[in-house]
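Listed below are the residues making up each chain.
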Amino acid sequence: MSEVVNKAKLAKETTGVLASLTTGQKNEALLVMADALRREAPAIIAANREDLERGRLSGTPESMLDRLALDVGRINSIAEGLQQIAVLPDPIGDTLETIERPNGLNIQKLRVPLGVIGIIYEARPNVTVDAAGLCLKTGNAVVLRGGSSALSSNRQIVEVLHNALANTSMPKNALQLIEDPNRSSVDEMLKLNGLLDVIIPRGGSSLIQNVVLNATVPVIETGAGICHTYLDASALPEMAQNISLNAKAQRPSVCNSMETLLVHKDYANEYLLSLAKAFRDVNVELRGCQETLSFVPWALPATLEDYATEYNDYILNIKIVSDLDEAMQHIAQYGTKHSECIVTEDPDNASRFLQEVDAAAVYHNASTRFTDGFEFGFGAEIGISTQKLHARGPMGLPALTSTKYKIYGTGQIRG
């Protein structure tokens, strides 16, 4: 029996116990896990150094190493995420609807766990904890398959969490980590119908497309983030600059960072050069359309491929547009339905943008960096869904549930 099948079976065997746990028991487990992460931070950081060293030797870009790196501050933040999940309302068992039928049947629609969730992700070890916390809080078992670049970190984190769960009502086998770094382990997970109830991919477009196109297990698609900010003609210069810099440079390696800045031609005439200088001051490489190059002589020419690229790096495309319609057309062509922003003082343009742009999160006068479960008040998140079935946007606890009907009768039979 392969590692993948064995661990999926171990996870599946815990679903009955998980379904019977009280909210208090689940919350206690999360708090014990948080304490263990803080207590074992030195061991986790030591394991993380192994991953970082391998990454540097293999030429991994610094922006991606930043996604991988752990320190005491980040581990404390990850532990805090578990604590926040613990205080959030438990959706399991919520009654969504009650129907009283004329024949006396009482029908109740309730939230229940999805079952066993497989999560395939890349070089962010914080996902290991976030996913475990969200899944366990909602009574789901979870089978994790992280990227090989974070294997040492993930292995140590799961060992810490397993040791912590041994002292709680939560079965430790509800949390499983696939350690096989070969692509075949991913391919095997995609076909585990009967053991996995759903798969959630988190990562770049190639990972996500591989899962979506090849899985026979149902998939909740999280999307790559080619996010845009549109500076309308009426945008306030200071606000526009602050939002644009934050969206690109605050943490460029994450999926809600901006990849293309769309600038109304009138705004460009007045303010584009000063904005470009601000980007240069924070070491952002600029690539622009031909009109942009006339304002920003140090920018590189942008290609059509550039507009379709999620850089996750200090690189930004700039395109000057004639109006809101052209901006929205560009977003429709190159966006990934993740997060899009308009900066404007025109209420009609803001309303049109928020209504017409097809994305999981649309912003007026705020950075796309807020598309995050923590920032939305969900605690940690399982991912940002860019699809339209089941869940969309940052996925917190309710997104990890399904429903069932309970029907109460007094002897009714159907005639």
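For the structure itself, look to the data block above.
Notes on the structure follow. (Residues numbered from 1 in each chain as written. Predicted model: local features only at pLDDT ≥ 70, side-chain atom pairs only at ≥ 80, totals over all residues. Heavy atoms only, no water.)

This part takes up the side chain of asparagine 154. Here asparagine 154 lies in helix H8 (residues 151-165). Engagement of the side chain of asparagine 154 in a polar contact is seen with the side chain of threonine 128, the distance being 2.7 Å. Beyond its immediate chain neighbours, meaning those up to four positions away, asparagine 154 contacts Tyr121, Pro125, Thr128, Gly146, Gly147 and Leu177. (Helix = DSSP H or I, 4+ residues; strand = E, 2+ residues; numbered from the N terminus. Polar contact = N/O pair within 3.5 Å; in protein donor to acceptor, adjacent residues only side chain to side chain. Contact = heavy atoms within 4.5 Å.)

Now for the nonpolar core. In this structure, Met33, Leu37, Ile119, Leu196 and Ile382 are the most contacted members of the largest nonpolar core, which totals 70 residues. In terms of residue count, the dominant contributor to this core is helix H7 (residues 126-137) (7 residues). Not counting chain neighbours up to four residues away, the residues in contact with methionine 33 comprise Leu82, Ala132, Leu136, Leu161, Ala164 and Leu165. Within the second largest apolar cluster, 33 residues are counted, among which are Ile243, Leu272, Leu275 and Leu286. (Core = buried A, V, L, I, M, F, W, Y, C linked by side-chain atoms within 4.5 Å. Buried < 20%, exposed > 50% of the residue type's maximum accessible area, 1.4 Å probe, protein only.)

Taken together, the 3 strands give an open sheet; going across it, the order is E1-E2-E16, and neighbouring strands pair in antiparallel fashion. Either end of the sheet is taken by a strand with one partner, and the two such strands are strand E1 (95-100) and strand E16 (401-408). Strand-to-strand, the axes of this sheet are offset by a mean angle of 20°, without reference to chain direction. Relative to E16, strand E2 (residues 106-113) runs antiparallel, the two being bridged by 8 bridges. In the strand pairing of E16, glutamine 108 is matched with lysine 406. (Pairing = 2+ DSSP bridges. Axes fitted to C-alpha atoms, helices over the stretch in contact; angles between N-to-C directions.)

With that settled, the discussion passes to the pattern of salt bridges. If the charged atoms of two oppositely charged side chains come close together, the side chains can form a pair. One pass over the full model with this rule turns up 17 salt bridges. Where arginine 352 meets aspartate 325, a salt bridge forms, and the shortest distance between an N and an O atom there is 2.8 Å. Linking arginine 352 in helix H16 (residues 347-356) with aspartate 325 in helix H15 (residues 324-334), this pair joins segments that are 27 residues apart in sequence. You can call arginine 352 partly exposed: its relative accessible area is 30%. (Salt bridge = Lys/Arg side-chain N within 4 Å of Asp/Glu carboxyl O.)

Looking now at empty space enclosed by the protein. Within the structure shown, the criterion is met by 1 cavity of 30 Å³ or more. Each pocket or cavity is described by its volume, and for the largest cavity that value is around 50 Å³. Lining the largest cavity are Arg145, Gly146, Gly147, Ser148, Leu151, Asn154, Leu177, Ile178, Glu179, Asp180 and Pro181. Within the lining of the largest cavity, the residues separate by chemical class into 4 nonpolar, 4 polar and 3 charged. (1 Å grid on protein atoms, 1.4 Å probe; cavity = no way out; pocket = protein on both sides within 12 Å on 5 of 7 lines; lining within 4 Å. Points joined across faces, edges and corners; volume = space filled by probe spheres on them. Nonpolar A, V, L, I, M, F, W, Y, C, P; charged D, E, K, R; others polar.)

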